[in-house]
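Coordinates in review
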Amino acid sequence: MRKNIAAGNWKMNLDLDAGKKLASEVINMTADEVSNDAEVILIPPFLHITSIKQLAGSSKNVFVGAQNCSNEASGAFTGEISVEMLKSVGVDYVVVGHSERREIFGEDDALLAAKTKAVLAGGLKPIFCCGEKLESRESDQHFAINKEQIEKGIFGLSKEEILKVVIAYEPVWAIGTGVTASSDQAQEMHAYIRGLIADKYDQETADSISILYGGSVKPGNAEELFSQPDVDGGLVGGASLKSRDFVDIIKAF
């Protein structure tokens, strides 16, 4: 049975004190208000991870993620963070291939496949991102773009490995723009992605993998998005920086 997941990607926002305050509010409000069994993942900047992991403590449904990692285990890679380092401070999940890493930092499919392998080899769980730009959708290339990213990024994994992957579909045209894919558009792409997995592996495997929607998820649209049969939650950006908004999104399952 696949999990419902609300993952909050803080990106490069908040200093340590503000991050700890936000995390504390989310953790406490979740404990007080949330009755569903959704998994909550807080994904702060690297510097905040240790403190926020301590705040999460032994909470059964709040986990900590990292926004990126190196595909290298160690060595002369100034400024990079290895999977083993992340594991040593209690990270549970690692985001791989966010559109900003692809677009701004030029990370290609081969590198993202290597990062995914490194995350799995280190015993952590990847949140593998895919998604198309506006021009690709307008030219009806959106299915082809996502198929290529998924095939090159994660279809080299074994069945055992891919069962540990969470996929996040993030239409680039809907990230931080205030524009959200309609629930029908989200469902269409999520069902397509699940179909790709079923064709590559089998239907049971496809039905076991959580596929999140990432693209201007807000309290006002979360319930409708999450009600779609193949949408298993959200990779939330801006709304995850406000505890009330993020907890309301968690409650939308």
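Everything below is about the structure printed above this text.
Right, let's talk about the overall build of the protein chain for a bit. Within the protein chain one finds 12 helices and eight strands. Over its C-alpha atoms the protein chain spans a radius of gyration of 17 Å, differing by no more than 12% from the 18 Å that the globule rule assigns to 253 residues. In terms of its C-alpha atoms, the protein chain occupies a principal-axis envelope of roughly 45 × 45 × 35 Å. The 253 residues of the protein chain split such that 52% are buried. For the protein chain, contacts bridging at least 24 residues in sequence account for 72% of all contacts bridging at least 6.

Relative to the assigned elements, Arg101 resides in helix H4 (residues 99-103). In this structure, the C-alpha to C-alpha distance between Arg101 and Gln67, residues 34 residues apart in sequence, is 9.6 Å.

Turning our eyes to something else, we now look at the packing of aromatic side chains. Considering all chains together, one arrives at five aromatic pairs under this definition. Each ring, one from Phe226 and one from Phe253, has its centre 4.4 Å from the other, and the planes form 15°; the classification is stacked. Pair noted here: Phe226 is in helix H11 (residues 219-226) and Phe253 is in the segment after helix H12 (243-250), with a separation of 27 residues, a long-range link. Using a relative accessible area of 9% as the deciding quantity, one classes Phe226 as buried. Owing to a relative accessible area of 27%, Phe253 belongs among the partly exposed residues under this scheme. We note Arg101 situated over the ring of Phe105; from NZ or CZ to the ring centre the distance is 4.0 Å.

Attention now moves to helix H9 (residues 183-200). For the α-helix, the turn length of 3.6 residues means that residues three or four positions removed from each other point alike. In a regular helix each residue adds 1.5 Å, so 18 residues correspond to 26 Å; H9 covers 26 Å between its end C-alpha atoms and thus fits that length. Of all the positions in H9, only Ser183, Ala186, Gln187, Met189, His190, Ile193, Arg194, Leu196, Ile197 and Ala198 are classed as buried.

In terms of nonpolar packing, the biggest core is built from 64 residues, with Leu42, Ile167, Ile193 and Tyr213 touching the most fellow members. Per element, the largest residue contribution to this core is six residues, and it comes from H9. With sequence-adjacent residues up to four places away left out, Tyr213 is seen in contact with Tyr169, Pro171, Ala174, Thr180, Ala181, Ala186, His190, Leu225, Val231, Gly233, Gly234 and Leu235. Listed in part, the 12 residues of the second largest apolar core include Ala7, Tyr93, Ile127 and Leu212.

Right, let's get into the pattern of salt bridges. A side chain of one charge can pair with a side chain of the opposite charge if their charged atoms are brought near each other. Counted according to the given criterion, the structure contains 20 salt bridges. Among the ionic pairs, Glu33 bridges to Lys251, the shortest N-O distance being 3.1 Å. Of the two residues, Glu33 sits in helix H1 (residues 16-33) while Lys251 sits in the segment after H12, which places them 218 residues apart along the sequence. A relative accessible area of 30% means that Glu33 is categorised as partly exposed. According to the relative accessible area criterion, Lys251 is partly exposed, its value standing at 37%. Glu107 is paired through a salt bridge with Lys115; the nearest N and O atoms lie 2.8 Å apart. Each member of the pair Glu107 and Lys115 is classed as buried.

Right, let's talk about the pairing of strand E2 (residues 39-43) for a bit. For a regular strand, the rule is simple: side chains alternate between the two faces of the sheet. Of all five residues that make up E2, five are buried, and the element is covered over most of its length. Sheet analysis places strand E1 (residues 5-9) next to E2, joined by five bridges and oriented parallel. Along E2, the bridge assignment pairs Ile5 with Glu39. Following the chain from E1 across H1 to the adjacent parallel E2, one finds a crossover that is right-handed. Taken together, the three bridges between E2 and strand E3 (residues 62-66) define a ladder with parallel strand orientation.

Next up on the list: the side chain of Glu39. On the secondary structure map, Glu39 appears in strand E2. When its relative accessible area of 8% is taken as the criterion, Glu39 is described as buried. Here Tyr93 takes part through its side chain, which lies 2.2 Å from a polar atom of the side chain of Glu39. Residues contacting Glu39, with those up to four places away along its chain left out, are Lys3, Asn4, Ile5, Ala6, Asn61, Phe63 and Tyr93.

Rules and cut-offs
- Within each chain, residues carry numbers counting from 1 in the order of the written sequence.
- Only residues with pLDDT of 70 or above have their local features reported here, since the model is predicted, and side-chain atom pairs are shown and tallied only from 80 upward, although totals for entire chains, interfaces and linings are computed over all residues.
- Excluding hydrogens and water, the side-chain figures rest on all heavy atoms present in the structure.
- In DSSP terms, a helix is any run of H or I states spanning at least four residues, a strand is any run of E spanning at least two, and both are numbered starting from the N terminus.
- With the radius of gyration taken over C-alpha atoms, the globule rule is written as 2.2 Å times the number of residues to the power 0.38.
- For each residue, the accessible area found with a 1.4 Å probe, counting protein chains only, is set against the maximum for its type, and the residue is called buried under 20%, exposed over 50%, and partly exposed in between.
- Pairs of residues are marked as contacts when any of their non-hydrogen atoms sit within 4.5 Å.
- Note on ring pairs: Phe, Tyr and Trp rings are taken, using the six-membered ring of Trp, and paired if centres are within 6.5 Å. Classes follow the plane angle, with under 30 degrees stacked, over 60 edge-to-face and the rest tilted.
- Over a ring means this: the NZ of a Lys or the CZ of an Arg is within 6 Å of the ring centre and within 35 degrees of the ring normal.
- Under the convention used throughout, the expected extent of a helix is 1.5 Å for every residue step, that is, one less than its residue count.
- Side-chain atoms within 4.5 Å are what join buried Ala, Val, Leu, Ile, Met, Phe, Trp, Tyr and Cys residues into a set we call a nonpolar core.
- The term salt bridge refers to a pairing of a side-chain nitrogen on Lys or Arg with a carboxyl oxygen on Asp or Glu at a separation within 4 Å.
- In short, DSSP must find at least two bridges between two strands for them to pair.
- When the strands point away from the viewer and the connection leading from the first strand across the helix to the second strand turns clockwise, the crossover is called right-handed.
- Two N or O atoms count as a polar contact when they lie within 3.5 Å, although within protein this holds only if one can serve as hydrogen donor and the other as acceptor, and sequence-adjacent residues are included solely when both atoms are side-chain atoms.

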